[in-house]
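What follows is the residue order along each chain.
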Amino acid sequence: LVSRENHDSRSVVSVRGVPIGGDNVTLIAGPCAVETPEQTLEAARMAQEAGASLLRGGAYKPRTSPYAFQGLGEEGLRILADVRAETGLPVVTEVVDAADVELVASYADMLQIGTRNMQNFALLQAAGDAGKPVMLKRGMSATIEEWLMAAEYIAQRGNLDIVLCERGIRTFEKATRNTLDISAVPVAQSLSHLPVIVDPSHSGGKRDLVLPLTRAAVAVGADGVIVDVHPRPETALCDGPQALVQEDLAGLRDAIGTLAALT
Ligand code: PEP
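Scoring rules and cut-offs
Residues numbered from 1 in each chain as written. Predicted model: local features only at pLDDT ≥ 70, side-chain atom pairs only at ≥ 80, totals over all residues. Helix = DSSP H or I, 4+ residues; strand = E, 2+ residues; numbered from the N terminus. Rg over C-alpha atoms; globule rule 2.2 N^0.38 Å. Buried ≥ 20, exposed ≤ 12 C-beta atoms within 10 Å, placed from the backbone. Contact = placed C-beta atoms within 7 Å. Near = placed C-beta within 6 Å. Nonpolar A, V, L, I, M, F, W, Y, C, P; charged D, E, K, R; others polar. Expected span 1.5 Å × (residues − 1). Arc of directions from axis to C-beta. Axes fitted to C-alpha atoms, helices over the stretch in contact; angles between N-to-C directions. Parallel < 35°, antiparallel > 145°, perpendicular 65-115°, else oblique. Left-handed = near helix turned anticlockwise from the far one by under 90°. Core = buried A, V, L, I, M, F, W, Y, C linked by C-beta atoms within 7 Å.

Caption draft 1: Just the overall build of the protein, in detail. Check the secondary structure of the protein and you find 9 helices and 10 strands. Computed over the C-alpha atoms, the radius of gyration of the protein is 17 Å, within 12% of the 18 Å expected from 2.2 N^0.38 for a compact globule of 263 residues. Taking all 263 residues of the protein together, 52% fall into the buried category. Contacts spanning at least 24 positions in sequence make up 67% of the contacts within the protein whose residues lie at least 6 apart.

In structure tokens:
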């Protein structure tokens, strides 16, 4: 179902009217985690300034350590819905448990499945049933074929509104948080009709790498980019070192707008 075979053209996924795919390079931006209403609204305003048309933000955070901030849960979803009402930005947010899919889908415009859950098949099926577009991040140790098969679990439930997201993979290299597999973008686009976007924040793991990796993503033909921004990253409860700050926003806007016009 997700294979390029039998599909003459590549798909465009609409998230509350915002297209991902086709001629667009869609910017999704926002805080890694929803922390407070003020922080989320400030981050959403930053996202808009950078040219984003969708707001990201985690209310359920799948953290490596059980002692780390796990997200605000439903309160975070309510904050995202309030910020959507204030800014007009549709909301992309992660769901980590099949039991929460209905609740998250009642607030979100797009469900995000994170790297750690790429092969959580019960979650994929529940997301496929939820009636909302799904962003499927690549498992950090998954092959492209495994990633596409995971997408197939969602598609099998009758939901073809799926966007693939390359977010870096595990390699021997320790200088970056993950290794951005930039070749996965054209490879996945050649094997599947689904749009393919890139997460330069979670791949590089460092603020200074986000703009260069964004430029690489746009140059290689990605259908969009999802980026962390934070008004005060030094106080962030999650992934502060990779969040873009106010001074980076013009560069982000340029990386997407100017380069996208050239490709
Ligand atoms: C995220 O985008 O908030 C996230 C946790 O990403 P990943 O699943 O790629 O680590």
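Caption draft 2: Just unusual backbone geometry, in detail. In the Ramachandran plot, Arg16 falls in the positive-phi region, its phi being about 45 degrees despite a non-glycine side chain. Within the secondary structure, Arg16 is located in the loop between strand 1 (13–15) and strand 2 (18–20). In this model, Asp239 sits at a positive phi of 55 degrees, which is unusual for a non-glycine residue. The topology assignment puts Asp239 in the loop between strand 10 (224–228) and helix 9 (249–262).

Caption draft 3: Just the site of the ligand, in detail. All residues adjacent to the ligand are Cys32, Gly58, Glu94, Gly114, Thr115, Lys137, Arg167, Asp199 and His202. Residue composition of the shell around the ligand, by class: 1 nonpolar, 4 polar and 4 charged.

Caption draft 4: Inspection of helix 9 at higher detail. With 14 residues, helix 9 extends 20 Å between its outermost C-alpha atoms, agreeing within 8% with the 20 Å of an ideal straight helix rising 1.5 Å per residue. Within the sequence span of helix 9, burial applies to Leu249, Leu252, Ala255 and Ile256. Axial view of helix 9: buried residues confined to an arc of 130 degrees, hence all on one face. Away from its buried face, by an angle of more than 90 degrees, helix 9 presents the exposed residues Ala250, Thr258, Ala261 and Leu262. Packed against the buried residues of helix 9 are strand 3 (26–30), helix 1 (37–49), helix 8 (207–220) and strand 10.

Caption draft 5: Fine view of the packing of helix 4 (residues 121–129) against helix 5 (residues 144–155). At a minimum axis distance of 7 Å, the contact between helix 4 and helix 5 shows a crossing angle of 45 degrees. The pairing of helix 4 with helix 5 is recorded here as oblique in orientation. In this structure, helix 4 meets helix 5 at a crossing whose hand is right-handed. For the pair helix 4 and helix 5, contact is made by Phe121, Leu124, Gln125, Ala127 and Gly128 and by Ala150, Tyr153 and Ile154, respectively. Taken together, the residues that form the contact of helix 4 with helix 5 break down as 6 nonpolar, 2 polar and no charged.

Caption draft 6: Structural detail: the nonpolar core. Membership of the largest hydrophobic core comes to 85 residues, with the highest contact counts inside it found for Ala47, Leu111, Ala127, Leu136, Ala151, Ile162 and Leu164. Discounting chain neighbours no more than four positions away, the residues touching Ile162 are Val2, Val13, Val134, Leu136, Ala151, Ile154, Ala155 and Leu194.

Caption draft 7: Inspection of helix 8 at higher detail. With 14 residues, helix 8 should reach 20 Å at 1.5 Å per residue; the first-to-last C-alpha distance of 21 Å fits that figure. Those residues of helix 8 not exposed but buried are Val210, Leu213, Thr214, Ala217 and Val218. Projected down its long axis, helix 8 carries its buried residues within an arc of 140 degrees, all on one side. Tucked into the core, helix 8 has its buried residues touching helix 6 (184–191), strand 9 (196–198), helix 7 (200–204), strand 10 and helix 9.

Caption draft 8: Layout of the environment of Glu75. Mapped onto the fold, Glu75 is located in helix 2 (residues 74–87). For Glu75, a count of 13 C-beta atoms within 10 Å gives the class partly exposed. Separated by 38 residues in sequence, Glu75 and Pro37 have C-alpha atoms that sit 9.7 Å apart.

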